[in-house]
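Residue-level listing of the chains:
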Amino acid sequence: MIRTTSIQNPLSAWLYFRRNPARNLPVVVALALAVVLVAGIVTIVSSVDQTVLTMYGYQRYLSIVTPRNALRLSDELRSEVIKLVPNARTFDVIPAWTNVRTVFGKMPFPIMGVAHQDREFLAEACGVSLVTGRWPAKGAPEIAMSEAIAKNRDLKLGDIVLDPKSEDNFAAEPMKLVGTLRGPVWLAVASAEFVRDRFPVAIHGLAVIGASEQSQRSIDVLLDKQLDKSTARAWTYRTLVRDTRDALSSLYLMMRVIVVIIAVTVALLAGMLAGIHFGQRLGEFATLVAIGYSQRFLLRRIVGEIAILCVVAWTLGLLVTVAMLFGLAKWVMEPRGLLLDPMYPAAYLYTLPVPFALGVFSLVTVTRRLHKMDAVSVIERR
Amino acid sequence: MTLPSVSPAIEFAEVSLRYGEGMRTSVALDSVALSMKPRSFVGILGPSGSGKSSLLYLASGLKQPSAGEVRVAGRELAKLSAAEMVALRRSMFGIVFQQPYLLHYLSAAENIGVGLPQREMNAAEKVGELALRLGIDSLLHKLPHELSGGERQRVCIARAVIGSPPILLADEPTAALDHANGHEVMNLLVSCREFATVMVVTHDPEMLEGADMVVRMRDGRVEDVSVSQ
Ligand SMILES: Nc1ncnc2c1ncn2[C@@H]1O[C@H](COP(=O)(O)OP(=O)(O)OP(=O)(O)O)[C@@H](O)[C@H]1O
Ligand SMILES: [Mg+2]
């Protein structure tokens, strides 16, 4: 049986794509793999700063001021902060430290020693609530922490979080996990009295919490700009983002270079292949010109062919990437308490240059050769 | 499109074609004057290098003359814009080459469809009818590599005539074929006289028995023109 639509439009780009798998598949596969590679690299690299911003996300709701050249907060510093942000609530925070795993190694995370009444306020400000167990008792070697941290550290209720024999997670006496928390950010708290007594060299901090996330941003700016840097340091979401971006800037630069190299490599190869394929199709193009098809028609057809190739390959690449990253997140990262967002939008944006470069290179190659082609001599040479 | 039956379909007026410049100039055609009547079957004979193909490429506008005028249906080709030339070639000419080139991934039917000047709803029926007339209806679903040389040439002729062009040009369409196949292809071209002026290049005089006009070429010149009554 003869299909009628293909007789009506035998030169459709889609028909060419479908009927020439041996020619189109290698390009599709190469392009799709490049898309997978780029999206994978960008997602994994981005997971670093996502991890940092998620881990220390509590900074969105609270800023902390610590003294310089001292372990304790002086009265002058306290009053200076209160003068700067009179409407914010302030309270003391004494940190103990635990180390959490990330894709790029271990990172210190503060277990905040806060007084009973401040702890409730802190939890509320961060939108965090207790899901299992209880809050640490006053003066007891106890800790409550977010489920995510517990998972990351592989801890259950009753397990030792900090231990005198541990290098990474030290405390003068064993501290137990007594409660787990849930909320939009990670948080770990302990009794202020216990931490003050058993962590004599911890640097005390002054937590500053505004009425809203909005006002917290202006508090951040004030603290960051107004405090005398020689006597105090402000730990704010603003400085966290800035420091993270700074620390990762060379990593991002490298990532961009790699993306460009991949895009150019694939594009060059595809451009060469397009040239070879054009050579193989000289007879086709020359015949079409000779029987009365315009160069413009042929160019439009080639643009269509390349566009189909790029769209099909890009879509295929995206599907494979999403599947791969979901798998990676679910079976590799999540069980280890590591963060990876398989649908990170920037990762997919970064893949766009690949089909674009490929399309442009192929098109330029073919257009140049089509313009140079002398239909008559091709036909006579055959 | 049909041609007025009085004015010549194709006319060469003192046409010359030269390749290269200065000392290395070679003359492919030298002051050729020819006039072909509508719906006539014209054979072009001559030894290799005598300018037969050149004549054909000039007629179709694929090459431009160095001097003289080529007129098709009264219009001088040199005066047409590139776009007009493309449009003219699409609507007025069917061209068959020595090597029967078909798009390898298209069936015979689809390859014939390539010859339609514009997209048509009833393309499939048209192709079917034509194939029946040309006796190639059993080949329509086959891909080019499944066809013999003669069959491929017949598909090429079908592609050239599917749009019922008033002018059909063929450059040694039988050269790659054996005697029997050659004759069949030639008969097919002769039958196209019904609707078209047919100009066929060959070096085998035997193939031109039914021709209305036979032009003998030698060294780029018209040596002899014989017109049958
Ligand atoms: N591109 C070209 N450059 C230089 N000379 C050419 C070119 N094409 C053709 N010629 C010359 O023009 C003359 C006529 O060539 P043409 O192809 O018309 O001959 P022909 O009669 O078709 O020959 P054949 O039977 O071998 O096909 C020949 O002498 C040939 O060498
Ligand atoms: Mg020739």
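Residues numbered from 1 in each chain as written. Chains lettered and ligands numbered in written order. Predicted model: local features only at pLDDT ≥ 70, side-chain atom pairs only at ≥ 80, totals over all residues. Heavy atoms only, no water.

**Side note on the sheet that holds strand E1 (residues 10-19) of chain B**
Residue and element names in this part refer to chain B. Spatially, E2-E1-E4-E5 is the arrangement adopted by the four strands of the open sheet, whose pairing is antiparallel. The open sheet has two free edges, formed respectively by strand E2 (26-36) and strand E5 (75-76), since each of these has just one partner strand. One ladder, built from seven bridges, connects E1 with E2; its direction is antiparallel. Bridge assignment links Ile10 to a residue of E2, and that residue is Met36. (Pairing = 2+ DSSP bridges. Helix = DSSP H or I, 4+ residues; strand = E, 2+ residues; numbered from the N terminus.)

**Considering the domain arrangement of chain A**
Residues and elements named next belong to chain A. The assigned domain composition of chain A is domain 1 (15-52 + 245-381) and domain 2 (60-236). A separation of 48 Å is found between the C-alpha centroids of domain 1 and domain 2. Opposite the ten residues of domain 1 that make contact, domain 2 presents eight residues. Summed over both partners, the interface of domain 1 with domain 2 buries about 740 Å², with 73% contributed by carbon and sulfur atoms. Inspection of the region where domain 1 meets domain 2 yields zero salt bridges. At the boundary of domain 1 and domain 2, one finds zero residue pairs in polar contact (both at pLDDT 80 or more). The residue makeup of the side of domain 1 that touches domain 2, split by class, is five nonpolar, three polar and two charged. (Domains from an automatic or database assignment. Contact = heavy atoms within 4.5 Å. Buried area = accessible area lost by both parts, 1.4 Å probe. Salt bridge = Lys/Arg side-chain N within 4 Å of Asp/Glu carboxyl O. Polar contact = N/O pair within 3.5 Å; in protein donor to acceptor, adjacent residues only side chain to side chain. Nonpolar A, V, L, I, M, F, W, Y, C, P; charged D, E, K, R; others polar.)

**With respect to the sheet that holds strand E9 (residues 213-218) of chain B**
Residue and element names in this part refer to chain B. On the basis of which strands lie adjacent, the open sheet formed by six strands has the order E6-E7-E8-E3-E9-E10 and mixed pairing. The sheet is open, and its two borders are formed by strand E6 (93-96) and strand E10 (221-227), each paired with just one other strand. Across the sheet, the mean angle separating the axes of adjacent strands is 15 degrees when strand polarity is ignored. Strand contacts of helix H2 (residues 82-92): E6 and strand E7 (167-171), with the helix running at about 75 degrees to E6, the strand carrying the most contacts. Each of E6 and E7 touches helix H5 (residues 149-161); the most contacted strand, E6, lies at about 165 degrees to it. (Axes fitted to C-alpha atoms, helices over the stretch in contact; angles between N-to-C directions.)

**Examining the interface of chain B and chain A**
Counting residues at the interface gives 29 residues for chain B and 28 residues for chain A. For the pair chain B and chain A, the summed buried surface comes to about 2,700 Å²; carbon and sulfur atoms form 64% of the total. Summed over the three residues of chain B that lose the most area to chain A, namely B:Tyr101, B:Tyr105 and B:Glu110, the buried surface amounts to 25% of that side. Of the charged contacts in the structure, one is a salt bridge between A:Arg19 and B:Glu110, with a shortest N-O distance of 2.8 Å. Taken together, chain B and chain A are joined by ten residue pairs in polar contact (both at pLDDT 80 or more). Those elements that place two or more of their residues in the side of chain B that touches chain A are helix H1 (52-59), H2, helix H3 (108-114) and helix H4 (123-134) of chain B.

**Section: the pairing of strand E8 (residues 197-201) of chain B**
All names here are of chain B. Burial analysis of E8 places five of its five residues in the buried class, which makes it a mostly covered element. Burial of the side chains of E8 extends over both faces: Thr197, Met199 and Val201 are buried on one face and Val198 and Val200 on the other. Summarising the sheet, strand E3 (residues 41-45) and E8 pair through four bridges and their orientation is parallel. Its bridge partner being in E8, Val42 is matched across the sheet by Met199. One ladder, built from five bridges, connects E7 with E8; its direction is parallel. Counted as the bridge partner of Asp171 is Val201 from E8. (Buried < 20%, exposed > 50% of the residue type's maximum accessible area, 1.4 Å probe, protein only.)

**Topic: the packing of helix H11 (residues 295-333) of chain A against helix H13 (residues 353-372) of chain A**
The axes of two packed helices give the description: the angle between them and the distance between them. All names here are of chain A. At a minimum axis separation of 10 Å, H11 and H13 run at an interaxial angle of 155 degrees. Relative to H13, the element H11 lies roughly antiparallel. Between H11 and H13 lies a crossing whose hand is right-handed. Here Gln295, Leu298, Leu299, Ile302, Val303, Ile306, Leu309, Cys310 and Trp314 of H11 come into contact with H13, specifically with Pro355, Leu358, Gly359, Ser362, Leu363, Val366, Thr367, Leu370 and His371. Its residues assigned to classes, the contact of H11 with H13 shows 13 nonpolar, five polar and no charged. (Parallel < 35°, antiparallel > 145°, perpendicular 65-115°, else oblique. Left-handed = near helix turned anticlockwise from the far one by under 90°.)

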